[in-house]
Amino acid sequence: MLQIQQLEKTYKNAAEPSLQGLSLQFSDKSIAGLLGPNGAGKTTTISILCGLVKADAGKAFLLGMDVEKEREAIKRRIGVVPQSIALYPTLTAMENLQYIGRLYGLGSTLLKERINQYLQLFGLEKSAHKAIRYYSGGMKRRANIIASLLHEPELLILDEPTAGVDVQSRNMILQFLTEYNKLGHGIIYTSHLLEEAQQLCDEIAIIDHGRLVVQGKPVELMQEQQAQSLEQVFLQLTGSSLRD
Ligand SMILES: Nc1ncnc2c1ncn2[C@@H]1O[C@H](COP(=O)(O)OP(=O)(O)O)[C@@H](O)[C@H]1O
Ligand SMILES: [Mg+2]
């Protein structure tokens, strides 16, 4: 569902490259983690996948489609949940979701059905008519996920969906990802929390300084490295110097 070949990116005026020949792949319909410490290049990679940032070199494919050349087809088949909240703060959740659903061309009956279904699933039905700016951090993040789900994409990409949310929201979000994956949809999610990914993911790729450190199935990687956890795998492969 994802193939990345030798991606390179240096932002304008940046001293260091953000991606330096990053290559990795994830199998179809898996629940996959793109992991690494702050500044590793996760958001840059996701931004290239969703067409917000142009790579200096290299290729990337989602569901076999070239991310630069097949944007329209990709847009219909994937959903992207950005790291920052992409909802209008002065509109209610209902208004935001109706607006977004119409952008995807969903008919009004289906759209209403899906909005209600997901508001309920994410525990937001009672706050449907409250403006987003009055939502807590966890509520905003759950609403943000619904916004990319309305067209029920076969591949869902989420950038740090569990960062900075309360324990209950986080638990709910992780459970949702497992369920959505069981329905036959692919998931790619980024996190700097290796322990969380170890429990959630079928496959992971750890990146650091814009390069792949290691990829594979969590259990196999731990066996190969004779480590008890992914965190230990990461520390063994990259050293424990502090990152800023
Ligand atoms: N718009 C930008 N301009 C300049 N440098 C950037 C920009 N966005 C990210 N970077 C730098 O690129 C590197 C990778 O950042 P990012 O992809 O956000 O990492 P991550 O999501 O893994 O924390 C960091 O060193 C960051 O400071
Ligand atoms: Mg990031």
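Residues numbered from 1 in each chain as written. Chains lettered and ligands numbered in written order. Predicted model: local features only at pLDDT ≥ 70, side-chain atom pairs only at ≥ 80, totals over all residues. Heavy atoms only, no water.

In the annotation of an unreviewed UniProt entry, the chain is listed under the name ABC transporter ATP-binding protein and assigned to Flavihumibacter fluminis.

### Re a nonpolar patch on the surface
Side chains of Tyr88, Tyr99 and Leu103 sit close together on the surface and give an oily, nonpolar patch of about 330 Å² of accessible area. Mapping Tyr88 onto the fold places it in the loop between strand 6 (78-81) and helix 3 (93-103). (Patch = residues over 30% accessible without salt bridge, like charges linked within 9 Å, V, L, I, M, F, W, Y side chains within 5 Å. Areas by Shrake-Rupley, 256 points an atom, 1.4 Å probe, with all protein chains shown as cover. Salt bridge = Lys/Arg side-chain N within 4 Å of Asp/Glu carboxyl O. Helix = DSSP H or I, 4+ residues; strand = E, 2+ residues; numbered from the N terminus.)

### Details of the coordination of the magnesium ion (ligand 2)
For a metal bound by four donors in a tetrahedral arrangement, the ideal donor-metal-donor angle is 109.5 degrees, while six donors in an octahedral arrangement ideally sit at 90 or 180 degrees. Ligation of the magnesium ion (ligand 2) by protein atoms is provided by Thr43 (OG1) and Gln83 (OE1), these donors lying 2.0 to 2.6 Å from the ion. One end of the pair, Thr43, is in helix 1 (residues 42-49); the other, Gln83, is in the loop between strand 6 and helix 3, and 40 residues separate them in sequence. (Donors = N, O, S within 2.8 Å, 3.2 Å for Na, K, Ca; no water.)

### Looking at the pairing of strand 3 (residues 31-35)
Of all five residues that make up strand 3, five are buried, and the element is covered over most of its length. Of the two faces of strand 3, the one carrying Ile31, Gly33 and Leu35 and the one carrying Ala32 and Leu34 are both buried. Relative to strand 8 (residues 186-191), strand 3 runs parallel, the two being bridged by five bridges. Residue pairing across strands places Ala32 opposite Ile188, the latter belonging to strand 8. Sheet topology places strand 3 next to strand 9 (residues 203-208); four bridges connect them, and they run parallel. For Ala32, the partnering residue across the bridge sits in strand 9 and is Glu203. (Buried < 20%, exposed > 50% of the residue type's maximum accessible area, 1.4 Å probe, protein only. Pairing = 2+ DSSP bridges.)

### Some thoughts on helix 3
Among the residues making up helix 3, those that are buried are Ala93, Met94, Asn96, Leu97, Ile100 and Gly101. The arc enclosing the buried residues of helix 3, seen along the axis, measures out at 160°, which places them on a common side. Across from the buried face of helix 3, at angles greater than 90 degrees, the exposed residues are Arg102 and Leu103. The inward-facing, buried residues of helix 3 contact helix 4 (108-121) and helix 5 (137-147). (Arc of directions from axis to C-beta. Contact = heavy atoms within 4.5 Å.)

### As for the side chain of His151
Assignment of secondary structure puts His151 in the loop between helix 5 and strand 7 (155-159). Exposure remark for His151: the relative accessible area of 12% places this residue in the buried category. Here the side chain of His151 touches Ile78 through a polar contact of 2.9 Å, landing on its backbone oxygen. What His151 contacts, discounting residues up to four positions off in sequence, is Lys75, Arg76, Ile78, Gly79, Tyr104, Leu106 and Arg114. (Polar contact = N/O pair within 3.5 Å; in protein donor to acceptor, adjacent residues only side chain to side chain.)

### As for the site of ligand 1
Around ligand 1, the structure places Tyr11, Ser18, Pro37, Asn38, Gly39, Ala40, Gly41, Lys42, Thr43 and Thr44. One of the side-chain nitrogen or oxygen atoms of Ser18 is found 2.6 Å away from an oxygen atom of ligand 1. In this structure, an oxygen atom belonging to ligand 1 sits 2.8 Å away from a side-chain N or O atom of Lys42. Out of a free accessible area of 560 Å², ligand 1 has 57% covered by protein chains. Considered class by class, the residues forming the shell around ligand 1 number three nonpolar, six polar and one charged. (Near = heavy atom within 4 Å. Nonpolar A, V, L, I, M, F, W, Y, C, P; charged D, E, K, R; others polar.)

### Some thoughts on the layout of surface pockets
Empty space within the largest pocket amounts to approximately 630 Å³. Lining of the largest pocket is provided by 24 residues; of these, Val80, Pro82, Ala86, Tyr104 and Ser148 occupy positions nearest its centre. Broken down by secondary-structure element, the contributors of at least two residues to the lining of the largest pocket are helix 1, helix 2 (71-77), strand 6, helix 3 and helix 5. Looking at the lining of the largest pocket element by element, the count peaks at four residues for helix 2. Considering only residue class, the lining of the largest pocket consists of 14 nonpolar, six polar and four charged. (1 Å grid on protein atoms, 1.4 Å probe; cavity = no way out; pocket = protein on both sides within 12 Å on 5 of 7 lines; lining within 4 Å. Points joined across faces, edges and corners; volume = space filled by probe spheres on them.)

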